[in-house]
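# Per-entry structural report
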Amino acid sequence: LHRSNKKLYRTMVNVVYTVALFLSVAVVGTTAVKNLNINCGGNSLRDVSGIDWVSDDMFFSGNSGVFTNPGGAYANSIIGTSFDKLHLFNTNRYSIASYNLTYNLSSACSSNNEFVNVQLDFAELFYDSVGDREFNIEINNKIVQENVDVIKLAGTYAATTIDIESRCVAKELILTFVSIPGKGQPMISAIAVTSPLPAPSQPTRNNTENSEVRINCAGPAFVDADGLTWASDTYPAKVFTGNNTPAYISSTELIYGYANETLYQVYFSERYSQNPFNLAYHIELPFPGMHNIVFYFVERLEFSVGARVFSIAVNNDVAIENLDVFSRVGLNNVFLFNYTVMTTSEREIVDIDFIHVVGFPFISGIEVFRIPGPTTSASTTVVTSTSTSTSTSALTSVSSASTSTSSSTVTSSSTSTSTSSSTST
């Protein structure tokens, strides 16, 4: 019935947008979460799971209309959702003409800087072709998703999900669906504010007695809890190069995952480079031999997967390609990346390049540890597995030697150890 009378429906609802969208927002903070469940364009009700959904009458602003699936609020025509969710997918509020649609969700914020995880579920019920309906999404006036096109993501009458992380700012959480000229009207079917998933497990900082170099990128010098001094990247000497490499410094966010409580000073600053320039650090190491370089990251500016992607090269060797910190640990969580490099002379300079892929490459801190052992040019990787598994967000890469011989041994017991080594002469 809907498809056969599409022209009539378009006339009646002024190019109505019938993407069914279920949006859940998870808030994390030091205070209790205020649950908020909104049935956009629909009535207040209690679902089969016992969750109470309220009408959106008190939350939205903007010139808008309401649309209900022609088959009814419980029409079973959407692939990828359950029956108890149909009442959310089959009604929506949409913006009229070129107006935006805004929801004030601030009543869900218990404190100034609570983190949020935004899950968006879509199902396109009206349009047939890619490009018919696109819109942007903003949270607190920051674009978090651009050119959302549900048909491109999943086709018609099929559910799809987008996850976004954000936070309340000064106890405000403003969600805006932004119209794109010539691309139809944004819409929303449901919004839920719930408790978040636990933050990812994080690596720890070990062997501080072998720490040789510590740089607080874009931040001031300070002394950490182990009594070690972190230098600024500009004083007493500037150790980075690159055009248009500003600093971002903020102490308002809650940072998760740092094992040493005073290291928050590292995570509250970052040095980044703007297109088309790359950022490079040039670090002088005091002793020859093997060194482990630890890169400290916290993503605080980008709220979606793929928004900031870059590669890292050490002494012109690729250390990691297409690093997306947000995709690894999400927003405001610590991520550590480790890379092992060999130096052959005292006061050797190690060059570290942060290479653009998408957005602005960045770095919060760099620490270099000396690995005790012979000073010959050698690279060793040791992998140990036990019956107990530990998940961390740290990655380790090891530089390779050009001419090598290799050997490996495996010992079987309650702990199995596999060791490979290569030596250049």
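A few points on the structure. Please read all numbers here as calculations on a predicted model, not as lab measurements. (Residues numbered from 1 in each chain as written. Predicted model: local features only at pLDDT ≥ 70, side-chain atom pairs only at ≥ 80, totals over all residues. Heavy atoms only, no water.)

### Brief notes about the environment of Asn333
What counts, and what does not: We count a stretch as a helix when DSSP gives it H or I for four or more residues in a row; a strand needs E for two or more, and each element gets its number in order from the N terminus.
Its location among the elements puts Asn333 in the loop between helix H5 (325–329) and strand E26 (334–343). For Asn333 and Tyr267, which are 66 residues apart along the polypeptide, the C-alpha to C-alpha distance reads 9.3 Å.

### Things to note about unusual backbone geometry
Which entries qualify depends on this criterion: Burial here depends on accessible area, computed with a 1.4 Å probe over protein chains only, as a share of the maximum for the residue type. Under 20% is buried, over 50% is exposed, and the range in between is partly exposed.
Within the chain, Asn141 stands out as a residue other than glycine whose phi angle is a positive 65°. Tracing the chain through its elements places Asn141 in the loop between strand E10 (135–139) and strand E11 (142–148). When its relative accessible area of 71% is taken as the criterion, Asn141 is described as exposed. Phi at Ala218 is positive, roughly 75°, even though this residue is not glycine. With respect to the helices, strands and loops of the structure, Ala218 is situated in the loop between strand E16 (211–216) and strand E17 (222–223).

### Quick notes on the sheet that holds strand E5 (residues 60–61)
Applicable threshold: DSSP-based pairing: two strands are paired if at least 2 bridges between them are found.
Taking strand neighbours across the sheet as the criterion, the five strands line up as E5-E8-E13-E10-E11 in an open arrangement whose pairing is antiparallel. Single-partner strands in this sheet number two, and they are E5 and E11. When E5 meets strand E8 (residues 101–104), the two strands line up antiparallel, connected through two bridges. Across the sheet, Ser61 pairs through a bridge with Thr102, a residue of E8.

### Some points on the pattern of salt bridges
This is how the line gets drawn: We count a salt bridge whenever a side-chain nitrogen from Lys or Arg sits within 4 Å of a carboxyl oxygen from Asp or Glu.
Under the counting rule described, the total for this entry stands at seven salt bridges. Linking Asp57 and Arg93 is a salt bridge whose minimum nitrogen-to-oxygen distance equals 3.9 Å. Of the two residues, Asp57 sits in the loop between strand E4 (52–55) and E5 while Arg93 sits in strand E7 (residues 91–95), which places them 36 residues apart along the sequence. The salt bridge partner of Arg370 is Glu212, with a shortest N-O separation of 3.8 Å. With a gap of 158 residues between them, Arg370 in strand E29 (residues 365–371) and Glu212 in strand E16 connect regions that are remote in the sequence. Under the relative-accessibility criterion, Arg370 is labelled partly exposed at 33%.

### Comments concerning the environment of Arg300
Our working rule: We call two N or O atoms a polar contact when they sit within 3.5 Å, provided that within protein one can donate a hydrogen and the other can accept it, with sequence-adjacent residues counted only if both atoms are side-chain atoms.
Its location among the elements puts Arg300 in the loop between strand E23 (289–298) and strand E24 (309–314). Considering only alpha carbons, one finds Arg300 and Ser250, 50 residues apart in sequence, at a separation of 9.4 Å. Side-chain polar atoms of Arg300 contact the backbone oxygen of Phe268, separated by 3.2 Å.

### Quick notes on the pairing of E4
Sheet topology places strand E2 (residues 36–39) next to E4; two bridges connect them, and they run parallel. Opposite Ile38, over in E4, you have Val54 as the bridge partner. In terms of strand pairing, strand E3 (residues 45–46) meets E4 through two bridges, oriented antiparallel. If you follow Arg46 over to E4, its bridge partner there is Asp52.

### What about the pairing of E10?
For E10, a buried count of five out of five residues is recorded, marking the element as mostly surrounded by other parts of the structure. Residues Phe135, Ile137 and Ile139 of E10 are buried on one face, and the alternating residues Asn136 and Glu138, pointing to the opposite face, are buried as well. Relative to E11, E10 runs antiparallel, the two sharing four bridges. The residue bridging Phe135 from the neighbouring strand is Val148, located in E11. Between the antiparallel neighbours E10 and E11 lie two residues, among them Asn140 with a positive phi of about 50°.

### As for the packing of aromatic side chains
The following threshold applies: Ring geometry is summarised as follows: Phe, Tyr and Trp rings, the Trp one being its six-membered ring, pair when their centres sit within 6.5 Å, and such pairs are stacked at plane angles under 30 degrees, edge-to-face over 60 and tilted between the two. Note on criteria: charge over ring means Lys NZ or Arg CZ within 6 Å of the ring centre, with the direction from the centre no more than 35 degrees off the ring normal.
Enumeration over the complete set of coordinates arrives at 17 aromatic pairs. Relative to Trp230, the ring of Phe222 has its centre 5.8 Å away and its plane inclined at 5°; by these criteria the two rings are stacked. Given the relative accessible area of 7%, Phe222 is considered buried. In this structure Trp230 comes out as buried when scored by relative accessible area, which is 0%. Note on Tyr272 and Phe360: the rings are 5.7 Å apart at their centroids and 10° apart in plane angle, and the pair reads as stacked. Taken as a pair, Tyr272 in strand E21 (residues 269–272) and Phe360 in the loop between strand E27 (348–358) and strand E28 (362–363) lie far apart in primary sequence, 88 residues in all. Residue classification places Tyr272 among the buried residues on the basis of a relative accessible area of 14%. Within the aromatic cluster, the residues linked to one another by ring pairs are Phe240, Tyr281, Phe295, Phe297, Phe310, Phe335, Phe337, Phe354 and Phe362. One Lys or Arg, Lys238, reaches over the ring of Phe240 and ends 4.8 Å from the middle of that ring.

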